[in-house]
Amino acid sequence: MISSLYVILCLIIGLVTYIRGALDLWGSIFMVVMGLIIIFSAGFNWLVLILIFLILGFVSTKYRHEYKKEIGVYEGRRSAKNVISNGIVPFVMAAFGSYDGFVGGFIGSVATATADTLASEVGVVQTPRLITTLKKVNPGTDGGISVLGTVAGIVGAGIIGFFAYILGIYPDPLISLKISIIAGTVGCFMDSILGAVLERRNYLNNEHVNLLATLTGAFLGILLV
């Protein structure tokens, strides 16, 4: 009975994300599949933390969306590639969630994805500077960072740590916040560095950068437990 409810709930969540324009059809399908596996391997609370990331991402995407459209940086719907590149590392961490270190890896990777999304979506309304040279660049430039975006990213990472404790994923609130803020912030900066050094030269694409950034956050999360 409970298993059936989880399946129905995941399907409803997938439908809502599609109807609300957060994800395209294949993105919603992949999210449902990954969500079900996370529920049955780690627990429903772990999926809720990812849903909090999705909600924060959706809200930040809508922030000043008319202005973003004017300057050509509005993303709108995210695709299956975005779901996989941001979600595959938390998915693997959740699969091994019975080991303490992987709990930290899960929190760190979700915090990184959250911090990067908020930093990009909120910070883009402020003139960014390239992380490697600190020269001003156009909004949306790979590797661009801003004070507003950095603050938004840190706050987003902290929110993930807070809810990881509230949801019972990690029992110590201070350590949960430490993991999320440090791993999320470093992972977010790693995303910017890779964007400036490799993505701008077309050695990597955005999905590769997101994957490597969440790996960085997961690795730091494991070390910080």
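In the annotation of an unreviewed UniProt entry, the protein chain is listed under the name TIGR00297 family protein and assigned to Methanobacterium alkalithermotolerans. As recorded by UniProt, the Sequence similarities (unreviewed entry) comment attached to the protein chain reads in full: "Belongs to the TMEM19 family." Reading the Subcellular location (unreviewed entry) entry of the UniProt record for the protein chain gives the comment "Membrane".

Each helix and strand in the protein chain was counted, giving nine helices and two strands. Ordered by position from the N terminus, the helices and strands of the protein chain form the series α-α-α-α-α-α-β-β-α-α-α. Computed over its C-alpha atoms, the radius of gyration of the protein chain comes to 17 Å, within 12% of the 17 Å expected for a compact globule of 225 residues. Going through the 225 residues of the protein chain one by one, you find that 49% of them count as buried. Accessible area for the protein chain stands at about 11000 Å²; split by element, carbon and sulfur atoms hold 68% of it. Across the protein chain, the centroid of the 14 positively charged side chains sits 7 Å from that of the 12 negatively charged ones.

UniProt records the feature "transmembrane region" (unreviewed entry) for residues 5-23, 29-59, 145-167 and 179-197 in the present numbering. The annotated region residues 5-23 carries 79% helix and 0% strand content, and the separation between its end C-alpha atoms amounts to 23 Å. Strand forms 0% of residues 29-59 and helix 94%; the C-alpha atoms that close the span are 21 Å apart.

On to the side chain of Asp191, then. Locating Asp191 in the fold gives a position in helix H8 (residues 173-199). Aside from chain neighbours lying at most four places away, what touches Asp191 is Asp116, Val209, Asn210 and Ala213.

Moving on: the environment of Gly105. Residue placement: Gly105 occurs in helix H6 (residues 100-123). Distance from Gly105 to Val197, taken between C-alpha atoms, is 25 Å for residues 92 residues apart in sequence. For Gly105, the residues in contact, after removing those within four places along its chain, are Met93, Ala218, Gly221 and Ile222.

What follows covers helix H9 (residues 206-224). For H9, with 19 residues, the first-to-last C-alpha span of 27 Å sits near the 27 Å given by 1.5 Å per residue. The inward-facing, buried residues of H9 abut helix H5 (80-95), H6 and H8. For H9, the capping residue at the N-terminal end is Asn205, with a side-chain oxygen 3.1 Å from the backbone nitrogen of Glu207.

What follows is about the packing of aromatic side chains. All told, the structure shown has three aromatic pairs when counted by the stated rule. Here Phe96 and Phe102 contribute two aromatic rings whose centre-to-centre distance is 5.4 Å and whose plane-to-plane angle is 35°, an arrangement assigned as tilted. Assessed through its relative accessible area of 26%, Phe102 is described here as partly exposed. Judged by centre distance (5.2 Å) and plane angle (80°), the ring pair of Phe162 and Phe163 falls under edge-to-face. Residue Phe162 is classed as partly exposed on the basis of its relative accessible area of 42%.

Moving on: the side chain of Ser28. In this structure, Ser28 sits in helix H2 (residues 25-41). Discounting chain neighbours no more than four positions away, the residues touching Ser28 are Gly14, Thr17, Tyr18 and Leu23.

This brings us to the packing of H6 against H9. Running from amino to carboxyl end, H6 crosses H9 at an angle of 140°, the nearest separation of the two axes being 6 Å. Taken together, the axis directions place H6 and H9 in an arrangement best described as oblique. By crossing handedness, the relation of H6 to H9 is classed as right-handed. For the pair H6 and H9, contact is made by Gly101, Gly104, Gly105, Gly108, Ser109, Thr112, Ala113 and Asp116 and by Asn210, Ala213, Thr214, Gly217, Ala218, Gly221 and Ile222, respectively. Looking at side-chain class alone, the contact of H6 with H9 contains four nonpolar, ten polar and one charged residues.

Glancing now at the packing of H5 against H9. Running from N to C, H5 and H9 cross one another at 20°; their axes reach a closest spacing of 8 Å. Between H5 and H9, the angle is such that the two are roughly parallel. Of the two possible hands of crossing, H5 and H9 adopt the one that is right-handed. Contacts between H5 and H9 pair Lys81, Asn82, Ser85, Asn86, Ile88, Val89 and Met93 from the former with Asn206, Glu207, Asn210, Leu211, Thr214, Leu215, Ala218 and Ile222 from the latter.

What counts as what
- Residues numbered from 1 in each chain as written.
- Predicted model: local features only at pLDDT ≥ 70, side-chain atom pairs only at ≥ 80, totals over all residues.
- Heavy atoms only, no water.
- UniProt positions renumbered as here; feature names shortened; annotations may be inferred.
- Helix = DSSP H or I, 4+ residues; strand = E, 2+ residues; numbered from the N terminus.
- Rg over C-alpha atoms; globule rule 2.2 N^0.38 Å.
- Buried < 20%, exposed > 50% of the residue type's maximum accessible area, 1.4 Å probe, protein only.
- Areas by Shrake-Rupley, 256 points an atom, 1.4 Å probe, with all protein chains shown as cover.
- Lys, Arg positive; Asp, Glu negative; His and termini not counted.
- Charge placed at Lys NZ, Arg CZ, Asp CG, Glu CD.
- Contact = heavy atoms within 4.5 Å.
- Expected span 1.5 Å × (residues − 1).
- Polar contact = N/O pair within 3.5 Å; in protein donor to acceptor, adjacent residues only side chain to side chain.
- Phe/Tyr/Trp six-rings, centres within 6.5 Å; stacked < 30°, edge-to-face > 60°.
- Axes fitted to C-alpha atoms, helices over the stretch in contact; angles between N-to-C directions.
- Parallel < 35°, antiparallel > 145°, perpendicular 65-115°, else oblique.
- Left-handed = near helix turned anticlockwise from the far one by under 90°.
- Nonpolar A, V, L, I, M, F, W, Y, C, P; charged D, E, K, R; others polar.

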